[in-house]
Amino acid sequence: MDRETLRLALVVGGLVLAVLLGFGLGRLNPPANPAAAVPTGDAATTGGDHSHAPGTGAHSHDGATVTQGGGDGATGLSVSSAGYTLVPSARELTAGRTGELRFQVRDDRRRAVTRFAVVHDKPMHVIVVRRDLTGYRHLHPTMAADGTWSVPLTPPEPGAWRMYADFTVVADDGRQVAAVLGADLAVPGGYAPQPLPAPATSATVDGFTAAYTGTPEVGRAAPLRFRVTGAGGGAAPLEPYLGAYGHLVALREGDLGYLHVHPEPTRDGDAVTFWLTAPGPGRYRMFLDFQVAGVVRTAEFTLTVA
């Protein structure tokens, strides 16, 4: 055998040996979590060392890790996020008739979740709204032992509706993970969408007037100060509702991206201050829940963010 042939044989033999050794080591040392090697779905976009503007992306929410559903900070855009999936019942709802909204939250092993943290006095907050941003409802369902949530619901009009489940799961390892999941609901009948009312900074409901000051900005937290006055113009005697003097939900026209903003713990005189971050320009419908004399009312506002 000449020298060149011998050298070629040694190179080929070395490559074969390297392949065999690599295969053997791979079988002896499999990945600790094969599923984690290739992230999928919403979970693939929520990790890492990314930074977020206040109120957007992953952030702290009453001590829990929050995974947002939209790349720009809006939530509720998908049925699955943060390893959890919203599974509504297939029961049909009828306009003008009281039915029952039923659903489960399932983990990535398709198990019904049954451990939820109490946030603002409730373990589950459900928002229901028609796609033209009318018929807003803020509901608090009850959970059965099998993890099925249920709550009575009377859709006032037929059409395409959207539900949002706003909750914080207590995971098997004790972590608290907050998420907002959304799903569409169909109410059979003729759907005549209503145009969005013109933008306004005040709204009247049952003799009370709610008004706000402040200008939301895209990607930056801005304060909105709400004041509620009675028929005589004096400050309304607001009562704590679900642990706060008000709750604010904003929904973006079009994709119905969801923003749930809680107020500062202390009031500024007779004002309730919320910090809101607009995820993008467009028109939004804001819903302010407040309580007076044991009755919860909702003031509605249209907002344009440039």
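Residues numbered from 1 in each chain as written. Predicted model: local features only at pLDDT ≥ 70, side-chain atom pairs only at ≥ 80, totals over all residues. Heavy atoms only, no water.

Q: Explanation requested: the overall build of the protein in the structure shown.
A: When its secondary structure is counted, the protein shows one helix and 19 strands. Counting every position in the protein, which comprises 306 residues, the buried fraction comes to 42%. Within the protein, contacts between residues at least 6 apart in sequence are counted, and of these 62% link residues at least 24 apart. When the accessible surface of the protein is summed, it comes to about 15800 Å², and 55% of that surface belongs to carbon and sulfur atoms. (Helix = DSSP H or I, 4+ residues; strand = E, 2+ residues; numbered from the N terminus. Buried < 20%, exposed > 50% of the residue type's maximum accessible area, 1.4 Å probe, protein only. Contact = heavy atoms within 4.5 Å. Areas by Shrake-Rupley, 256 points an atom, 1.4 Å probe, with all protein chains shown as cover.)

Q: Could you clarify how one ought to interpret the pairing of strand β14 (residues 222–229) in this entry?
A: Every other side chain in a regular strand lies on the same face of the sheet, so the side chains alternate between the two faces. Burial along β14 is one-sided: the face carrying A222, L224, F226 and V228 is buried and the face carrying P223, R225, R227 and T229 is not. As defined by bridge partners, strand β13 (residues 208–213) adjoins β14 across five bridges and the pair is classed as antiparallel. Residue T209 lies in a different strand from β14, and its bridge partner there is T229. Where β14 and strand β17 (residues 272–276) come together, five bridges link them in antiparallel fashion. From the neighbouring strand, L224 faces β17, where its bridge partner is F274. (Pairing = 2+ DSSP bridges.)

Q: Help me understand the sheet that holds strand β4 (residues 84–88), please; the structure alone is not making it clear to me.
A: Pairing between sheet strands relies on hydrogen bonds along the backbone, with the strands arranged either parallel or antiparallel. Ordered by their spatial adjacency, five strands build an open sheet running β3-β4-β5-β9-β8, and the pairing between neighbours is antiparallel. In the strand order of this sheet, the two ends are held by β3 (80–81) and β8 (142–143), each with one partner. In this sheet, strand β5 (residues 99–106) lies alongside β4 in antiparallel orientation, the contact comprising four bridges. When the sheet's bridge partners are listed, V87 is paired in β5 with Q104.

Q: Would you mind showing me how to read the side chain of D107 here?
A: Note that D107 resides in the loop between β5 and β6 (124–130). Sequence-distant contacts of D107, that is, excluding residues within four places in its chain, are made with G83, Y84 and V113.

Q: What is the right way to read the environment of A90 from this model?
A: Inspection of the secondary structure assignment puts A90 in the loop between β4 and β5. C-alpha separation for the pair A90 and F103, spaced 13 residues apart in sequence, amounts to 9.1 Å.

Q: Quick question: what am I supposed to make of the side chain of T148 here?
A: With respect to the helices and strands, T148 occurs in strand β9 (residues 148–153). There is a polar contact of 3.1 Å between the side chain of T148 and the side chain of Q104. (Polar contact = N/O pair within 3.5 Å; in protein donor to acceptor, adjacent residues only side chain to side chain.)

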